[in-house]
Amino acid sequence: MRTRSHTYAALALVAVAALALAALATTAESHQGHPQKKLFPERWHYQVQNGDYAAWMTLSTSDVWLECDNNENQCGTKWKTPFDDAFADWNSQPDTVTFAITNGVQNEFFDLNVYVEDEALGDPTLLGIAPTFDENDFPCFDPSCEVAYGLIIIGDDAHNGPYAGPLDRRATLGHEAGHIIQLAHESTNEDETQLYECGMDDTGPIPHSIMSYDCIDPVAVDGAGEFFVQPWDVCGINHAYYDPAFDFTGCDGTLNTPSPTPSPSPSETPTATPTPTPSQTSTQTATTTPTGGNSVSPTSSATPSTTPVGIARVWGDINCGGGSNPVDSLLVLRFDAGLSTSAPAGCPLPGTLLYVPFQCCGTAWGNVDCLSGVNPVDSLKILLADAGTPTDQPAGCPEIGDTVVLTEDLLIPDKPTFTAGAAQ
Amino acid sequence: MNVVNPRPIWLLGLALFGLALFGLAFAACGSSLDDKPLEETGQDGVPVVHIPARYAKTLGADLDTLVSTFDVAFVGVVTGEAEQRSELMAGGRGELPVSVFTVLVEASADAAVVGSTVEVEQLGGITTGGGTRTTQGQGPVRLLMEGDSPIEVGERYLFIVKEKAPGIYRASPMARFPIESGRLQPAAGWEDLGAAQEIAGLTVAQAMERVSRSAD
């Protein structure tokens, strides 16, 4: 009888877990009523922290690396405006992804770097390629891969003839940027070499997409010349990176302007939330005049800077209380559970994205193992360190108890801020 | 002493089991919507995954344009795969595999290279990457650029290639033509290109003569 009751208890647990999984699956990645935008299976490593969708999926992005023609200025005359316009287009869409670009700021260790070279990967016929990689520098290609960073490599020489116009260059950049956020080609299928015309695939008519070759190809080569992000592309992002504020916008073929709900941010300072603006619709034509200049405008009050102010802290001392101890472990658990946390002035709240000199770029305060966000593993590692047990930190990640100089990642405009002060 | 009626418990167990199955099936259905299947398997039994890549198909609109885009054209038989190495991406971060094949040159406009063995590189190769793939027991995959297919050892091709260094060339999927029964074929997926249509069906001698005219 005891064994049987255990069996029922286990079944009940499995049932609850399975139903929870089902609920998650239906809310985050799928819903009924329309076909699905084709997506790649891998996802970025970023997780929603404490329900703060506004701070999620803001990808630090370098200004374009102009490495063609052996002359940055000459290369820039062809590529700078298309780059700015392509990313401004993506950033104006009603979805949770933001490419955070500051004019003139480049860092090979940002989430995304865009390189314009004479030939992409030594192949003169390549217009562009956009691989993503995991933290071990392996290319991502399956669902088990967590994307750590992405590259866009553009071939300048291939952009000649019908592909030489600024809108055609913008189309390539916009298309490749779509790959970085897991949008797959719309006009091809994995199991065939058939290339379908714009608005078609093997299932019949489908919405237009910047991820469809024939939609973005120049009119001169029988393409539609649609160089801009389409509602269907936004629909894809809203499936891959679901934010309740945007729901499944774009999936009905239009881009409405939902009002983002305030994020339950634990920060005492307001968190910048995306302000979606109406963008191009599928009725836009290739005659649209591109906007000039760098139109990616940070919306935070934080001033972009390449020289953030440093603050000495102890790695793992989450509440800046003088050392890493079980109280910090508890704070991490509270954050992971979505409960409120607090911090004294000058101490970042758990989940705040910071620049960590040991690492390449930003990581969240509380993510003591520098892996996969702030979670119970970090809590456990703080306890282990407190007990004097080695925590086997990844290369480049500070040891718990190390003094590090943290700087708020001011290069990423939409992140929570904290007031510098009371530095140790 | 409590007497337990076994039937309701049995029914409860069955209901929970059914609920679990339903939930798991529903979850699997939902999450499979964007799971990309491994789409094909090469001759070596290794699944192929393509890296998205966009090409300027105008460069293959005719043979003259295609030849002028590259440096060298020759016909050769692939005698082996010399090595596979990793190539750092722009910025020095991230790597893609590159497969290096040895090719015995059988015909070329440059008589000096006929009979020599050169190296032809193809972007892509076998990897267990993706970080966690191997631990999931899924084994290796062959990464290839979109629109490309594996260069096969023992096969003959017309290569129209870029010269990276003396004797080392890089192949492009739209500029590589397999030769079957002595006649050129368009590469799979590139049949619609004007250059492919111009050259398809020609003998090796005819093709080399045609390529030489384009190069002039």
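None of these values were measured; they are calculated from a predicted model.

J.: I keep staring at the overall build of chain B and nothing clicks. Help me out?
T.: When its secondary structure is counted, chain B shows four helices and eleven strands. Counting only residues that meet the buried cut, chain B has 41% of its 216 residues in that class. Long-range contacts, defined here as pairs at least 24 residues apart, represent 54% of the contacts in chain B between residues at least 6 apart.

J.: Quick question: what am I supposed to make of the overall build of chain A here?
T.: Each helix and strand in chain A was counted, giving seven helices and 15 strands. Within the span of chain A, comprising 424 residues, buried residues form 51% of the whole.

J.: Teacher, can you tell me more about the pairing of strand β2 (residues 47-51) of chain B here?
T.: All names here are of chain B. Most of β2 is tucked away: four of the five residues are buried. Inspection of the sheet shows β2 paired to strand β7 (residues 141-145) by four bridges, in the parallel sense. Across the sheet, residue Val49 finds its bridge partner in β7, namely Leu143.

J.: I tried to follow the packing of helix α2 (residues 72-91) of chain A against helix α3 (residues 166-180) of chain A on my own but got confused; where do I start?
T.: Two quantities define a packed helix pair, namely the angle between the axes and the distance from one axis to the other. Residues and elements named next belong to chain A. As a packed pair, α2 and α3 sit with axes 8 Å apart at the nearest point and diverge in direction by 50 degrees. When the axis of α2 is compared with that of α3, the two are oblique. Seen from above, α2 lies across α3 with right-handed handedness. In this structure, α2 uses Lys78, Trp79, Thr81, Pro82, Phe83, Asp85, Ala86, Phe87, Asp89 and Trp90 to contact α3, whose residues at the interface are Pro166, Arg169, Arg170, Leu173, Gly174 and Ala177. For the contact of α2 with α3, the per-class residue count stands at nine nonpolar, two polar and five charged.

J.: It is not clear to me how the packing of helix α6 (residues 326-336) of chain A against helix α7 (residues 376-386) of chain A should be interpreted in this structure. Could you clarify?
T.: Residues and elements named next belong to chain A. Between α6 and α7, the least distance of the axes is 8 Å, while the angle of their chain directions is 175 degrees. Relative to α7, the element α6 lies roughly antiparallel. Of the residues in α7, those in contact with Pro326, Asp328, Ser329, Val332, Leu333 and Asp336 of α6 are Pro376, Asp378, Ser379, Ile382, Leu383 and Asp386. Classifying every residue of the contact of α6 with α7 by side-chain character gives six nonpolar, two polar and four charged.

J.: How should α3(A) be read in this particular structure?
T.: Because an α-helix packs 3.6 residues into every turn, residues spaced three or four apart end up facing the same way. All names here are of chain A. Compared with an ideal rise of 1.5 Å per residue, which puts 15 residues at 21 Å, α3 spans 21 Å between its outermost C-alpha atoms and is within 8% of the ideal. The buried fraction of α3 is high, at 14 of 15 residues. Just downstream of α3, Gln182 is the residue with a positive phi angle, here 75 degrees.

J.: Please clarify how the nonpolar core should be interpreted in this entry.
T.: When a protein is soluble and globular, its nonpolar side chains tend to lie buried together. Grouped together as the largest cluster of nonpolar side chains are 118 residues, with contacts concentrated most on Ile153(A), Leu158(B), Phe159(B) and Ile160(B). The dominant element in this core, judged by the number of residues it contributes, is α2(A), at seven residues. For Ile153(A), the residues in contact, after removing those within four places along its chain, are Tyr115(A), Glu117(A), Ala120(A), Leu121(A), Gly128(A), Ile129(A), Met89(B) and Ala90(B). With 16 residues, the next largest nonpolar core counts Leu331(A), Leu349(A), Ala385(A) and Ile400(A) among its residues.

J.: I keep staring at the pairing of strand β10 (residues 176-180) of chain B and nothing clicks. Help me out?
T.: Looking along a regular strand, one sees side chains alternate from face to face of the sheet. Residues and elements named next belong to chain B. In this structure, strand β8 (residues 156-165) lies alongside β10, joined through four bridges in antiparallel fashion. Paired with Arg156 across the strands is Ile179, a residue of β10. Bridge count for β10 against strand β11 (residues 183-184) is two bridges, and the pairing is antiparallel. Bridge assignment links Glu180 to a residue of β11, and that residue is Arg183. Turn length for the β10-β11 hairpin, with the two strands adjacent in sequence and antiparallel, is two residues, and the turn residue Ser181 shows positive phi of about 50 degrees.

J.: I would appreciate a short explanation of unusual backbone geometry in the present structure.
T.: Excluding glycine, a negative phi dihedral is what most residues carry, and trans is how most peptide bonds are arranged. All names here are of chain A. In this structure, Gln182 is a non-glycine residue whose phi angle is positive, near 75 degrees. Structurally, Gln182 is set in the loop between α3 and β10 (200-201). Here Gln182 falls in the buried class, since 26 other C-beta atoms lie within 10 Å of it. The phi torsion at Asp392 lies on the positive side, around 55 degrees, for a residue other than glycine. Examined against the element boundaries, Asp392 turns out to sit in the loop between α7 and β15 (403-408).

J.: Is there a simple way to explain the environment of Met57(A) in this structure?
T.: Residues and elements named next belong to chain A. Inspection of the secondary structure puts Met57 in the loop between β1 (43-44) and β2 (58-61). With 23 C-beta atoms counted inside 10 Å, the residue Met57 sits in the buried group. It is 5.0 Å that separates the C-alpha atoms of Met57 and Val97, two residues lying 40 residues apart in sequence. Those residues within four positions of Met57 in sequence are excluded, and the remaining contacts are Trp44, Tyr46, Thr96, Val97, Thr98 and Tyr241.

J.: What is the right way to read the confidence of the model for chain B from this model?
T.: In low-pLDDT segments, the atomic positions of the prediction should not be examined closely. All names here are of chain B. Summing up the model confidence of chain B, the mean pLDDT is 80 and the portion of residues at 70 or higher is 75%. Taken as a whole, residues 1-12 scores under 50 in pLDDT and shows three contacts with residues more than four places along the chain or in a different chain. The model gives residues 131-135 a pLDDT under 50, and that stretch makes twelve contacts with residues more than four places away or in other chains. Note on the complex model: pTM 0.65, ipTM 0.80.

J.: What am I meant to see in the environment of Asp317(A) here?
T.: All names here are of chain A. With respect to the secondary-structure elements, Asp317 resides in the loop between β12 (311-314) and α6. Given 21 C-beta atoms within a 10 Å radius, Asp317 is considered buried. Taking the C-alpha atoms as reference points, Asp317 and Cys347, 30 residues apart in sequence, are found 9.7 Å from one another. Residues in contact with Asp317, not counting those within four places in the same chain, are Gly322, Gly323, Ser324 and Asp328.

J.: What exactly am I supposed to notice about the environment of Thr391(A) here?
T.: Residue and element names in this part refer to chain A. With respect to the element layout, Thr391 can be found in the loop between α7 and β15. Using a count of 19 C-beta atoms within 10 Å as the deciding quantity, one classes Thr391 as partly exposed. Separated by 13 residues in sequence, Thr391 and Asp378 place their C-alpha atoms 9.8 Å apart. Leaving out residues up to four positions away in the same chain, Thr391 has contacts with Asp369, Lys381, Leu384, Ala385 and Ile400.

J.: Honestly, the confidence of the model for chain A in this entry has me stumped. Any pointers?
T.: Chain-level pLDDT for chain A is 74 on average; 67% of the residues reach the 70-or-more range. Counted against residues more than four places away or in other chains, residues 13-33 of chain A, with its pLDDT under 50, gives 32 contacts.

What counts and what doesn't
Residues numbered from 1 in each chain as written. Chains lettered and ligands numbered in written order. Predicted model: local features only at pLDDT ≥ 70, side-chain atom pairs only at ≥ 80, totals over all residues. Helix = DSSP H or I, 4+ residues; strand = E, 2+ residues; numbered from the N terminus. Buried ≥ 20, exposed ≤ 12 C-beta atoms within 10 Å, placed from the backbone. Contact = placed C-beta atoms within 7 Å. Pairing = 2+ DSSP bridges. Axes fitted to C-alpha atoms, helices over the stretch in contact; angles between N-to-C directions. Parallel < 35°, antiparallel > 145°, perpendicular 65-115°, else oblique. Left-handed = near helix turned anticlockwise from the far one by under 90°. Nonpolar A, V, L, I, M, F, W, Y, C, P; charged D, E, K, R; others polar. Expected span 1.5 Å × (residues − 1). Core = buried A, V, L, I, M, F, W, Y, C linked by C-beta atoms within 7 Å. pLDDT = per-residue confidence, 0-100.

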